[in-house]
Amino acid sequence: MAFDWDKITDRLGSLGEGVGKTLKGVFGARNERMVKRLEPLVRKINALETWAKSLTAEQFQEQTRLFKEQVAKGEKTLDDILPEAFALAREASVRTLGMRPYDVQLVGGIVLHEGKIAEMMTGEGKTLVATLPLYLNALSGKTVYLVTVNDYLARRDANWMGPIYDYLGVAVASIQSDMSPWERQPVYLCDIVYGTNNEYGFDYLRDNMKTRAEEQVQRTLSFAIVDEVDSILVDEARTPLIISGPASDTSDKYKLADEIAQKLVKDEHFEVKEKERAVALLEAGIELAEKLVGVPSFFVPPHEDWLHFIENALRAHHIYHRDTEYVVEGDGEVVIVDEFTGRKMSGRRWSDGLHQAVETKEGLKPRQENQTLATITLQNYFRMFKKLAGMTGTAITEAGEFHKIYGLDVVSIPTNMPITREDHEDVVYRTAGEKWKAIGNEITEVHQKGQPVLVGTTSIEKSETVSKLLTGRGIPHEVLNAKNHEREAMIVARAGEKGSIVVATNMAGRGTDIKLGGNFEYRLNKALEEAGLVAGDLEKLDEIAAIRERVRVQCKADEQVVLGLGGLYVLGTERHEARRIDNQLRGRTGRQGDIGKSRFFLSLEDDLMRIFYRDWVKNAMERLGMTEDTPIESGMVTRAIARAQKKVEDRNFEIRRNLLEYDEVMNEQRKEIYGTRQDVLEKIELREKVEFMFARAIERHARQVHFQDAEGFRTWFQRSFGFEVPPEMAGDATAKAGNPKPVIALVLQHYEEREKALGGEIMRQVERYLLLKALDDKWRDHLLAIDSLKAGIGLRGYAQVDPKTEYKKEGFQLFEQLLHAIEDEVTGLILRIQVDPAANRGLGTPPPRYVSPVGAGKLPTNPALSDGTTPPVAQPTSNSSDGSSNTPSGTTPVAPVRPAPQPARPPAPPPPRRPAAGGFVPASQQFDMARRQQALAAAREKQQQQSQPEAPAAASTGGARGAGSGTGGANASKRVLTPKDLEGVGRNDVCPCGSGQKFKKCHGRDL
Ligand SMILES: Nc1ncnc2c1ncn2[C@@H]1O[C@H](COP(=O)(O)OP(=O)(O)OP(=O)(O)O)[C@@H](O)[C@H]1O
Ligand SMILES: [Mg+2]
């Protein structure tokens, strides 16, 4: 069997794109060790190839079942079966797709399995590489995720690689943004899921907004491979995922702020800080703005939010430009354009009111101010995975960040063939005008030869400039930018054809292979379609193989022609802020050892030079003696640019780290609340939670200064719990070093009575309902508070305090207040809420607070209560209402994109998935858990001494949901009773509900 290890080690020196000499020295040796270390394993896999070849199709699936069983029983680990699994997957690929993974691809696969980043250049076949570790890790029985940058790639890759998985007997499907929750569930039940980072993240957030565990879609976060990992974990990580809904209407303020912004004069009233993407109001500006708004001062509540409104309006006018940072869609929607990829980021919104400010600037009505309902940074989402891996063509420049933030090591995998691409020196012109002229000339000349050109630009606006230039010269071309997203992949796939000219925003069409002479897969699919066949049809493998061969021969011939012309020419029109992005662009040519060429055309007026080297540029022009239309190939300029890029990279890393640090506070809190919430959804220790809350609430109120007099405490007690506490008990509790335990015991005794009156099952439903409602309502309020804390925290800088420390401190305080609010709400209602046991249909499901968006990426536009569902539990003041379930009925789950050949896993209800420990109180020092637990334990002990011995020790975790308690339908007409009604009623007395029946036959039936 061919073994190309020597070839691999030969190329170990040729590290990834554009890696500097120093980095190469330090990194190279380590990298070499990391790759060489895998040699024995690769040899082992190769040795198993004969075995894999000897197996029949059935035996492949049999092996999969066997492996799964062995792993489940703990007889073997994934590492044990790696060689066999990789050998099987390789052979499955040969048989279904006609591709035999190269040894370098095996190395890449192992690196991914180890939870590292595999840096593999464009065209090295990362899509195929991922199938090996995905298959291996799916044998653990847990769903494994492949993360792509867009829906199209998720769909394409799941379909493309699907035949391999089918052959191996594992189920695969892809998540698409327009899928309903019902369509998502079966996808997440597959062994392997393909989807975008946004969809996964939003599904996580939405799951944590659902009111039934059965409606949740995502399960354990065990293993994920992030394709284009730099794009997702670095570029995209600057904007957190936010699900938001309307809060109060502030459109008038946006309008006024916008008008004021237009009256303020740059450098007199405010400064623009282009680098930081910020504006700062100057004294004079603040004064004028205060006058225009008509308030005495912005620094006196409640006017402090005006500063923020006006600064946002100024940013909208002076920093955010239409067709660069955003586009306006036909229906009057401001859509953010990813500055790195040039892709439209539908559904994302700038936070903190900036989006509304831009909408106002554009003369659109600002969408009602959106309030955060759930949010997470991509960093924190992906850090929840037990094992994370990534692959990309360019990771080394960001290796430090990957290591620091995600604990991910980068391993640079040698290319399969030696790189022969020619990277030419930059050519630099004095002015932008001269540069564009030269670019026009160059493209014209190259085009006449027929050599394909890929022109890289840094924004949509600039791609249109190039397009106009070419149109002016009568050169046919395709423009690839965020505006024609759908066609993107198809255009890129053909960018290597003779005479093709594609103008693209940087990295647009990433993930699509540019093959010289034309794209094989694209042509194959077309040929199969024409022959009425479907790729991967296991029945027709022979017919498909014949067509594949025919297309291959055609492609080869066309490839030869283009090779003769010099391969693909990548022409960069400007340097990007990040070196990595430039490297990506260069990497689009010279794949798999092809010849190719890359060159950047720059001018001293380019943004990067203008912003960072204004003065330097002036001097340079003189020193270099630059004259009109004469370019220089100057190392000095190239170095200056590299320094500027480094500065921007560092600053961007700072922004991401800052975001992460800010989110750190929220992350702990989110884990805590979501953890508790998940418990509640799954009915875990409901009663314990409520008892714990009673103890906490009583202790806290007993200690509060204004309750130090017993009367005040008694008033609070009566108001909250609906009955009286004896004066001497209240006195004891509120005295200095007082003892609140008897009060706690008293309340718990009432609680126990209430439970007896209602029955355990109903009680659990009431608990679940109240807990869920309180958690959701208060968490939403908390997020709003945190949002405004964040918006206002910048102001603290004026008072010489570190905003971050302040934010952390106040964030904790707010969280403590949140916990108090939840406790007060739950304990204040649970003894008094009116329950009609007969109308308990759907009890346990509070009304949806927010409607999950159908299809992510699109955020909920109207997440308010929309389906008229009413709470199944009556509020203390009103009668019980008929609560119906909010589960859409009659919705049939739609089959996944690629249904499994046989159900690989029975669709079981999701297993418990709890991101945090079940406890309610965070482990932070601020909350003295031990003390409270002691209090609770003592109170319980006392209560047990006082009350009946049969008090249940632990809450039922099962319990029928919804209908069917012991008091069933027969009691439908009964009046609702409160514990007060039941005081002193004996079993043989007439029931106080007025039914005329004996209590033991009526409301007392279950006691
Ligand atoms: N072992 C193999 N044998 C033959 N062809 C292969 C093999 N592996 C990959 N290819 C082909 O190489 C091409 C590039 O694959 P792929 O798109 O997965 O590359 P990539 O590394 O993901 O590139 P990019 O960085 O552009 O996303 C595909 O057309 C694929 O069919
Ligand atoms: Mg790819």
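Asker: Help me understand the overall build of the protein chain in this model?
Answerer: Broken down by element type, the protein chain carries 35 helices and 20 strands. Buried residues in the protein chain amount to 56% of all 1007 residues. For the protein chain, the share of sequence-separated contacts (at least 6 apart) that also reach a separation of at least 24 residues comes to 76%. Accessible surface, the protein chain: about 40400 Å² in total, of which carbon and sulfur atoms supply 52%.

Asker: Sorry, what's going on with the site of ligand 1 here?
Answerer: As a matter of local geometry, ligand 1 sits amid 19 residues, with Arg100, Gln105, Lys126, Thr127 and Glu521 nearest to it. Measuring from an oxygen atom of ligand 1, one finds a backbone N or O atom of Glu124 at 3.4 Å. Contact between ligand 1 and Lys126: an oxygen atom at 2.8 Å from a side-chain N or O atom of the residue. Burial of ligand 1 by the surrounding chains reaches 92%, relative to a free accessible area of 640 Å².

Asker: How should I be thinking about unusual backbone geometry in this particular structure?
Answerer: Most of the time, phi is negative for any residue but glycine, and the peptide bond is trans. In this structure, Glu228 is a non-glycine residue whose phi angle is positive, near 50°. Mapped onto the fold, Glu228 is located in the loop between β5 (223-227) and α12 (229-235). Look at Lys683: it is not a glycine, yet its phi comes out positive at around 60°. Examined against the element boundaries, Lys683 turns out to sit in the loop between α27 (635-681) and α28 (686-703). Taking relative accessible area as the criterion, Lys683 reaches 17% and is therefore assigned buried.

Asker: Would you explain the packing of aromatic side chains in this entry?
Answerer: Aromatic ring pairs are described here by two measures, namely the spacing of the ring centres and the angle between the planes. Going through the model one piece at a time under the given rule, you end up with 23 aromatic pairs. Considering the side-chain rings of Tyr204 and Tyr381, the 5.7 Å spacing of their centres and the 55° angle between planes classify their relative orientation as tilted. Taken as a pair, Tyr204 in helix α11 (residues 197-207) and Tyr381 in helix α17 (residues 378-382) lie far apart in primary sequence, 177 residues in all. For the pair shown, Tyr204 and Tyr381 are each scored as buried. Members of the aromatic cluster, each reached through a chain of ring pairs, are Tyr145, Tyr188, Tyr200, Tyr204, Tyr381, Phe382, Phe385, Tyr674 and Trp779. Stacked on the ring of Trp436, the Lys or Arg Lys435 has its end atom at 4.9 Å from the ring centre.

Asker: I tried to follow the sheet that holds strand β1 (residues 117-119) on my own but got confused; where do I start?
Answerer: Within a sheet, neighbouring strands are paired by backbone hydrogen bonds and run either parallel or antiparallel to one another. Here we have 7 strands laid out as an open sheet, ordered β3-β4-β2-β5-β12-β1-β13, and parallel in their pairing. The open sheet is flanked by β3 (172-174) and β13 (410-412), the only strands paired with a single partner. Taking the axes of each pair of neighbouring strands and ignoring which way they run, one obtains an average angle of 20° across the sheet. Direction of pairing for β3 relative to strand β4 (residues 192-196): parallel, over a ladder of 3 bridges. Looking across to β4, one finds that Ala173 is bridged to Val193. In the packing of helix α9 (residues 151-168) onto the sheet, contacts are made with β2 (144-148), β3, β4 and β5, and the angle to β4 comes to roughly 160°.

Asker: Mind showing me how you'd approach helix α16 (residues 354-361) here?
Answerer: Residue pairs three or four apart in sequence face the same way in an α-helix, which turns once every 3.6 residues. The buried fraction of α16 is high, at 7 of 8 residues. Inspection of α16 places Leu354, His355, Gln356, Ala357, Val358, Glu359 and Thr360 among the buried residues, and these make up the whole buried set. In the segment just after α16, Gly363 is the residue with positive phi, at about 75°.

Asker: Sorry if this is basic, but what is going on with the environment of Ser467 here?
Answerer: Mapping Ser467 onto the fold places it in helix α20 (residues 460-472). On the accessibility criterion, Ser467 (14% relative accessible area) is buried. Here the alpha-carbon distance between Ser467 and Glu478, two residues 11 residues apart in the chain, equals 8.2 Å. Here Ser467 is in contact with His477 and Val479, once residues within four sequence places are set aside.

Asker: Would you explain the pairing of strand β9 (residues 326-329) in this entry?
Answerer: Along any regular strand, the residues point their side chains to alternate faces of the sheet. Sheet topology note: the β9/strand β10 (residues 333-336) ladder contains 4 bridges and is antiparallel. Paired with Val327 across the bridge in β10 is Val335. Where β9 hands over to β10, the hairpin turn is made up of 3 residues, of which Gly332 adopts a positive phi near 75°.

Asker: Can you help me understand the side chain of Ser174 in this one?
Answerer: Note that Ser174 resides in strand β3. The exposure class of Ser174 is buried, given its relative accessible area of 0%. Within the structure, the side chain of Ser174 is placed 3.4 Å from the side chain of Gln176, a separation counted as a polar contact.

Asker: Just to check I follow, could you spell out the packing of helix α18 (residues 399-406) against α27 for this structure?
Answerer: How two helices sit against one another is set out by the angle between their axes and by the gap between those axes. α27 packs onto α18 with a crossing angle of 5° between their chain directions and a minimal axis gap of 12 Å. Taken as axis vectors, α18 and α27 run roughly parallel relative to one another. Together, Glu401, Lys404 and Ile405 of α18 and Phe653, Arg656, Arg657 and Leu660 of α27 make up the contact between the two elements. Taken together, the residues that form the contact of α18 with α27 break down as 3 nonpolar, no polar and 4 charged.

Asker: Explain the pattern of salt bridges to me, please; I cannot follow it from the model alone.
Answerer: Any two side chains of opposite charge can pair, on the condition that their charged atoms come close. This model, assessed by the stated rule, comprises 60 salt bridges. Taking the shortest distance from any N to any O, the salt bridge between Asp103 and Arg90 comes out at 3.0 Å. Separated by 13 residues along the polypeptide, Asp103 in helix α7 (residues 103-113) and Arg90 in helix α6 (residues 78-97) bring together distant segments of the chain. Across the pair, Arg90 and Asp103 agree in class, each one buried. A salt bridge links Arg700 to Glu823, with the nearest nitrogen and oxygen atoms 2.9 Å apart. On the criterion of sequence distance, the pair formed by Arg700 in helix α28 and Glu823 in helix α33 (residues 803-830) is long-range, its members being 123 residues apart. The class for Arg700 is buried, based on a relative accessible area of 14%. Glu823 gets classed as buried once you look at its relative accessible area, which sits at 0%.

Asker: Explain the packing of helix α3 (residues 39-47) against α6 to me, please; I cannot follow it from the model alone.
Answerer: As a packed pair, α3 and α6 sit with axes 8 Å apart at the nearest point and diverge in direction by 55°. Between α3 and α6, the angle is such that the two are oblique. The handedness of the crossing between α3 and α6 is right-handed. Contacts from Leu41, Lys44, Ile45 and Asn46 in α3 reach Leu82, Pro83, Phe86, Ala87 and Arg90 in α6. Partitioned by chemical class, the residues of the contact of α3 with α6 number 6 nonpolar, 1 polar and 2 charged.

Asker: What's the story with α18 in this structure? I'm lost.
Answerer: Residues of α18 that are buried include every one of Ala399, Glu401, Phe402, Ile405 and Tyr406, and no others. Projected down its long axis, α18 carries its buried residues within an arc of 165°, all on one side. The secondary structure elements touched by the buried residues of α18 are β1, α12, α17, β12 (387-392), β13 and α27. Following α18 by one or two positions, Gly407 adopts a phi angle in the positive range, close to 65°.

Asker: Before we go on, may I ask you to explain the environment of His355 in this structure?
Answerer: In this structure, His355 sits in helix α16. Looking at His355, the relative accessible area reads 0%, which means it is buried. Side-chain polar atoms of His355 contact the backbone oxygen of Val334, separated by 3.0 Å.

Asker: Would you mind showing me how to read the nonpolar core here?
Answerer: The nonpolar side chains of a soluble globular protein tend to be buried, and buried together. Membership of the largest hydrophobic core comes to 102 residues, with the highest contact counts inside it found for Tyr381, Phe382, Phe402 and Phe717. At 13 residues, helix α32 (residues 760-796) tops the list of elements feeding residues into this core. Formed by 56 residues, the second largest nonpolar core is a distinct cluster that contains Val71, Ala89, Ala92 and Met120.

Asker: What should I look at first to understand the pairing of β5 in this one?
Answerer: β5 sits mainly inside the fold: 5 of its 5 residues count as buried. Here β5 shows a buried face lined by Phe223, Ile225 and Asp227 and a second buried face lined by Ala224 and Val226. Relative to β12, β5 runs parallel, the two being bridged by 5 bridges. Residue pairing in the sheet places Val226 in a bridge with Gly390 of β12.

Asker: Looking at this structure, I do not really get the confidence of the model for the protein chain. What am I missing?
Answerer: Do not read the predicted coordinates in detail wherever pLDDT is low. Of the residues in the protein chain, 74% reach a pLDDT of 70 or more, and the chain-wide mean stands at 77. Confidence scores differ between elements of the protein chain, with helix α34 (residues 929-946) showing the lowest mean pLDDT of 38 and helix α8 (residues 126-138) the highest of 97. Every residue in residues 839-980 scores below 50 in pLDDT, and together they form 310 contacts with partners more than four places removed in sequence or on other chains.

Procedures and definitions
- Residues numbered from 1 in each chain as written.
- Chains lettered and ligands numbered in written order.
- Predicted model: local features only at pLDDT ≥ 70, side-chain atom pairs only at ≥ 80, totals over all residues.
- Heavy atoms only, no water.
- Helix = DSSP H or I, 4+ residues; strand = E, 2+ residues; numbered from the N terminus.
- Buried < 20%, exposed > 50% of the residue type's maximum accessible area, 1.4 Å probe, protein only.
- Contact = heavy atoms within 4.5 Å.
- Areas by Shrake-Rupley, 256 points an atom, 1.4 Å probe, with all protein chains shown as cover.
- Near = heavy atom within 4 Å.
- Polar contact = N/O pair within 3.5 Å; in protein donor to acceptor, adjacent residues only side chain to side chain.
- Phe/Tyr/Trp six-rings, centres within 6.5 Å; stacked < 30°, edge-to-face > 60°.
- Lys NZ or Arg CZ within 6 Å of the ring centre and 35° of its normal.
- Pairing = 2+ DSSP bridges.
- Axes fitted to C-alpha atoms, helices over the stretch in contact; angles between N-to-C directions.
- Parallel < 35°, antiparallel > 145°, perpendicular 65-115°, else oblique.
- Nonpolar A, V, L, I, M, F, W, Y, C, P; charged D, E, K, R; others polar.
- Salt bridge = Lys/Arg side-chain N within 4 Å of Asp/Glu carboxyl O.
- Left-handed = near helix turned anticlockwise from the far one by under 90°.
- Arc of directions from axis to C-beta.
- Core = buried A, V, L, I, M, F, W, Y, C linked by side-chain atoms within 4.5 Å.
- pLDDT = per-residue confidence, 0-100.

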